[in-house]
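Here is what each chain is made of, one letter per residue.
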Protein chains: 4
Amino acid sequence: MSFLRTPDPNPGWLSESALADARARVPMLYVEAVPVQLGDGGEVIKVGILLRVSPSGSITHCVVSGRVMHGETVRDALGRHIEKDLGPAALPQLPPSPVPFTVAEYFPWPGVSPFLDARQHAVALAYVVPMAGDCQPRHDALEFAWMTPADAVSPSVADEMEGGRGTLVRQALASVGRLP
Amino acid sequence: MSFLRTPDPNPGWLSESALADARARVPMLYVEAVPVQLGDGGEVIKVGILLRVSPSGSITHCVVSGRVMHGETVRDALGRHIEKDLGPAALPQLPPSPVPFTVAEYFPWPGVSPFLDARQHAVALAYVVPMAGDCQPRHDALEFAWMTPADAVSPSVADEMEGGRGTLVRQALASVGRLP
Amino acid sequence: MSFLRTPDPNPGWLSESALADARARVPMLYVEAVPVQLGDGGEVIKVGILLRVSPSGSITHCVVSGRVMHGETVRDALGRHIEKDLGPAALPQLPPSPVPFTVAEYFPWPGVSPFLDARQHAVALAYVVPMAGDCQPRHDALEFAWMTPADAVSPSVADEMEGGRGTLVRQALASVGRLP
Amino acid sequence: MSFLRTPDPNPGWLSESALADARARVPMLYVEAVPVQLGDGGEVIKVGILLRVSPSGSITHCVVSGRVMHGETVRDALGRHIEKDLGPAALPQLPPSPVPFTVAEYFPWPGVSPFLDARQHAVALAYVVPMAGDCQPRHDALEFAWMTPADAVSPSVADEMEGGRGTLVRQALASVGRLP
């Protein structure tokens, strides 16, 4: 089978309709990155939050998030989405371990989990990713802000986060021993 | 949107052709369980290995493994596949935490990861699952055997495991501090 | 060295003055257990909190906590302290993995970590432990109560917890994906 | 109590006899670091092994290992021992999370765990630590070598490792998905 010998170099790109078909049939695999800044001793001191303008004009807060494509490794997907959202100078320290700090399950209906995604059933592997460089919002992000852990979990930020990701940020901080 | 209020009670079942379409387009999300028996102090003393006859007539070793369906939680998928493979009396202690001991990435081509699946690109969340009851092989399994950790990682077993799952069993044992 | 062949069967018991000497010289190793009840699917539905009367007469909340003795395994210490605090019918499911959900560092002075212990520098390996049996407070505990995750992290409970253990309970719930 | 307000800036240094007293009474808390080099994508590609000449003249292999002092954080102890063994230019990326990949329990008698330390009962929190700089053996180390994961777990290396640390290195590699 020639497909085994010469995989499509870009096998994951799908037309919108092919993607819609897949979305209706199987859970979508996602990766999410909570960007952090580290202090001199390696402890988390800041959390990075993206701001986007939603189609309705309201501002929402989010973390780096995106789909794993067919044929792509989880690690490559993580690096790709970080570069897409935070630019090529972000210098992420991708985690040596493939084990996420949590597995976030997004359903299009409420009540199953703390996470919601109206478009689809998605399962996200979520990682805390230290950034050694300069993060510049790209793609459809309006702004990127470094916040203290206390500010990042404050109601004014957490309540504006997409799909329940306020919980995700708190889980991220708990996993590194920095939940305020 | 009525779909949000009354989700299909069985949304994940797909025709073979619909599943084949999805498989060609996105990574399939799987769960895998390495069944274990615990000693009195809660430490792992035995590992459960399934034996199957492959289409070509050879015997292969495997662990519990299966797809997460659309609309199904990871936890429900794990329980469903354990019951399917080990019977209703297995009494699995599903892990309180959604965090797997590893994320195993299966590709249809070699060299990307230690794991291979000729059918598809699959990403498996893998858990160590203690069994408190009686495990009886069902589905297409020929036999189920409890082995010591040393036997489970011996070449005679590990080399016969499907898709590189000898590595998965060793990672499972390492995660519980019982790698021989 | 005969000590290697015939270890003291009870090597960890120390006089108060010998323990005080050690406490002044090295960090004390502790284990802590956050007791939980699981639902049918294995998810955490209740958190167990102990109530004690402090020497000053106020009521404090706490989790299972105690020292690892010389010559004792972490697992044995965990089982011993659970039995001491919750009785012999608690039927704890000790974790197969030795990896804690967090490492809590208690210092006798504030500002270094969220955790305080006026008596000593202690480092605790903390585990979420499902209880399958009946928990009865023993030792110096006044009462034991099962609470929902939301109640367990509410200010009225969390603010009364000894040494910053409100943070520990929240980290425990975050590690199992149940932080409210 | 003035000790609470003005802690000894160097509270952890002990005379040999005071340390021997503590060692006989309570488990000693250790940290261990398995140094690694990362590839461009953040995956572990090399493992660092230290070589020492033992008092009997034989060469033993080891990882970075040392005691946590009274009043010292786990993170500070990890950084201090890495600098002591690998020099000030090693540029370790200390882990954001305090959760170790394993808890290694060393006993002075065999049979309790895979780990042995003739001097003491020690409990080590073990971390995989990426090194971004130049590692130069210091202290009592003879040499420091970067090895592939396959070489690091080969019998010729693993069998020469102190106190069962061949198992520790394999657990470290398993935790990052790189166990050969």
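Presented here is a report on the structure given in the accompanying data block. (Residues numbered from 1 in each chain as written. Chains lettered and ligands numbered in written order. Predicted model: local features only at pLDDT ≥ 70, side-chain atom pairs only at ≥ 80, totals over all residues. Heavy atoms only, no water.)

Moving on, we get to helix α3 (residues 74-86) of chain C. Residue and element names in this part refer to chain C. Over its 13 residues, α3 runs 18 Å from end to end, which matches the ideal 18 Å to within 8%, given 1.5 Å per residue. All of the buried residues in α3 are Val74, Arg75, Ala77, Leu78, His81, Ile82, Asp85 and Leu86. All buried residues of α3 project into a common sector of 160° when viewed along the axis, lining one side. Remark: glycine 87 follows α3 within two positions and exhibits a positive phi of approximately 90°. (Helix = DSSP H or I, 4+ residues; strand = E, 2+ residues; numbered from the N terminus. Expected span 1.5 Å × (residues − 1). Buried < 20%, exposed > 50% of the residue type's maximum accessible area, 1.4 Å probe, protein only. Arc of directions from axis to C-beta.)

Another point: unusual backbone geometry. Residues and elements named next belong to chain A. We note that leucine 91 has phi near 50°; this positive angle belongs to a residue other than glycine. Relative to the assigned elements, leucine 91 resides in the loop between α3 (74-86) and β5 (102-107). On the basis of relative accessibility, which here comes to 49%, the residue leucine 91 falls in the partly exposed class.

Moving on, we come to the relation of the copies chain D and chain C. Screw-axis analysis of chain D against chain C gives a translation of 0.0 Å along the axis, an RMSD of 0.0 Å, and a rotation angle of 180°. Within this description, the copies of the chain are treated as partners about a two-fold rotation axis. The position closest to the rotation axis in chain D is occupied by the C-alpha of alanine 22 of chain D, lying 2.5 Å away. With an isologous cut-off of 70% or more, the 100% of interface residues of chain D that recur at the interface of chain C puts this contact in the isologous class. (Least-squares fit on C-alpha atoms with pLDDT ≥ 70 in both. Contact = heavy atoms within 4.5 Å.)

All right, on to the packing of helix α2 (residues 16-25) of chain A against helix α2 (residues 16-25) of chain B then. Where α2 of chain A meets α2 of chain B, the closest approach of the two axes is 9 Å, and the angle between their N-to-C directions is 120°. Crossing of α2 of chain A over α2 of chain B shows left-handed handedness. Two secondary-structure elements touch here, α2 of chain A through Ala18, Asp21 and Arg25 of chain A and α2 of chain B through Ala18, Asp21 and Arg25 of chain B. The residue makeup of the contact of α2 of chain A with α2 of chain B, split by class, is two nonpolar, no polar and four charged. (Axes fitted to C-alpha atoms, helices over the stretch in contact; angles between N-to-C directions. Left-handed = near helix turned anticlockwise from the far one by under 90°. Nonpolar A, V, L, I, M, F, W, Y, C, P; charged D, E, K, R; others polar.)

Right, let's talk about the interface of chain D and chain C for a bit. Chain D puts 36 residues into the contact, and the matching count from chain C is 36 residues. Between chain D and chain C, roughly 3,200 Å² of surface is buried when both sides are summed, and carbon and sulfur atoms account for 72% of that area. Of all residues in chain D, Arg25, His70 and Trp109 of chain D bury the most surface against chain C, accounting for 22% of the area lost on that side. The tally of links between chain D and chain C comes to two salt bridges. For aspartate 21 of chain D, the salt bridge identified is with arginine 25 of chain C, shortest N-O distance 3.6 Å. (Buried area = accessible area lost by both parts, 1.4 Å probe. Salt bridge = Lys/Arg side-chain N within 4 Å of Asp/Glu carboxyl O.)

Let's shift gears to the environment of alanine 158 of chain D. All names here are of chain D. Secondary-structure assignment places alanine 158 in helix α5 (residues 155-158). Sequence spacing of alanine 158 and aspartate 134 is 24 residues, and the spatial spacing of their C-alpha atoms is 24 Å. The contact partners of alanine 158, leaving out residues within four places of it in the chain, are Ala152, Val153 and Gly166.

We now examine helix α6 (residues 165-175) of chain D. Given 3.6 residues per turn, any residue in an α-helix points the same way as the ones three and four places further on. All names here are of chain D. With ten of eleven residues buried, α6 is to be regarded as a mostly interior element. Burial in α6 covers these residues: Arg165, Gly166, Thr167, Leu168, Val169, Arg170, Gln171, Ala172, Leu173 and Ala174. Positive backbone phi, approximately 70°, marks glycine 177, located one or two places after α6.

Before going further, it helps to examine the packing of aromatic side chains. Residue and element names in this part refer to chain C. In this structure the tally under the stated criterion is twelve aromatic pairs over all chains. Their ring planes at 85° and their centres at 5.0 Å tell us that phenylalanine 144 and tryptophan 146 sit as a pair that is edge-to-face. Given the relative accessible area of 25%, tryptophan 146 is considered partly exposed. (Phe/Tyr/Trp six-rings, centres within 6.5 Å; stacked < 30°, edge-to-face > 60°.)

Further remarks concern the side chain of aspartate 117 of chain A. Residues and elements named next belong to chain A. Checked against the element boundaries, aspartate 117 lands in the loop between β6 (115-116) and β7 (122-130). Within the local environment of aspartate 117, its side chain forms a polar contact with the side chain of glutamine 120, the two groups lying 3.1 Å apart. Once residues within four sequence positions are removed from consideration, aspartate 117 is found in contact with Tyr106, Phe107 and Pro108. (Polar contact = N/O pair within 3.5 Å; in protein donor to acceptor, adjacent residues only side chain to side chain.)

Attention now moves to a nonpolar patch on the surface. On the surface, Val53, Ile59 and Leu142 of chain A cluster together into a nonpolar patch covering about 260 Å² of accessible area. With respect to the element layout, isoleucine 59 of chain A can be found in strand β3 (residues 59-62). (Patch = residues over 30% accessible without salt bridge, like charges linked within 9 Å, V, L, I, M, F, W, Y side chains within 5 Å. Areas by Shrake-Rupley, 256 points an atom, 1.4 Å probe, with all protein chains shown as cover.)

Attention now goes to the environment of methionine 28 of chain D. In this structure, methionine 28 of chain D sits in strand β1 (residues 28-38). Methionine 28 of chain D sits in the buried class, given a relative accessible area of 1%. Sequence-wise, methionine 28 of chain D and valine 68 of chain D are 40 residues apart; in three dimensions their C-alpha atoms are separated by 8.0 Å. Here methionine 28 of chain D is in contact with Val26 of chain C together with Leu19, Ala22, Arg23, Arg67, Gln120, His121, Ala122 and Val123 of chain D, once residues within four sequence places are set aside.

With that settled, the discussion passes to the pattern of salt bridges. The tally for this structure, following the rule as stated, stands at 24 salt bridges over all chains. Taking the shortest distance from any N to any O, the salt bridge between aspartate 85 of chain A and arginine 52 of chain A comes out at 3.5 Å. Of this pair, aspartate 85 of chain A sits in helix α3 while arginine 52 of chain A sits in strand β2 (residues 44-53), placing them 33 residues apart in sequence. Classification of aspartate 85 of chain A by relative accessible area gives buried; the value is 1%. Glutamate 72 of chain D serves as the salt-bridge partner of arginine 80 of chain D, at 2.6 Å between the closest nitrogen and oxygen. Overall, arginine 80 of chain D belongs to the partly exposed group, its relative accessible area being 25%. A relative accessible area of 10% places glutamate 72 of chain D in the buried class. By sharing partners, the salt bridges in this structure join Glu32, Glu162 and Arg165 of chain A into a single network.

The next point concerns the interface of chain B and chain A. The interface is formed by 36 residues belonging to chain B together with 36 residues belonging to chain A. The contact between chain B and chain A buries some 3,200 Å² in all, and 72% of this surface belongs to carbon and sulfur atoms. Three residues, Arg25, His70 and Trp109 of chain B, lead the burial of chain B against chain A; their summed loss comes to 22% of the area buried on that side. Applying the counting criterion to the chain B and chain A interface returns two salt bridges. Applying the counting rule to chain B against chain A returns six residue pairs in polar contact (both at pLDDT 80 or more). Those elements that place two or more of their residues in the side of chain B that touches chain A are α1 (2-5), α2, β1 (28-38), β5 (102-107) and β7 (122-130) of chain B. Here the side of chain B that touches chain A takes six residues from α2 of chain B, the largest share from any one element. A breakdown of the residues in the side of chain B that touches chain A according to their chemical character gives 25 nonpolar, five polar and six charged.

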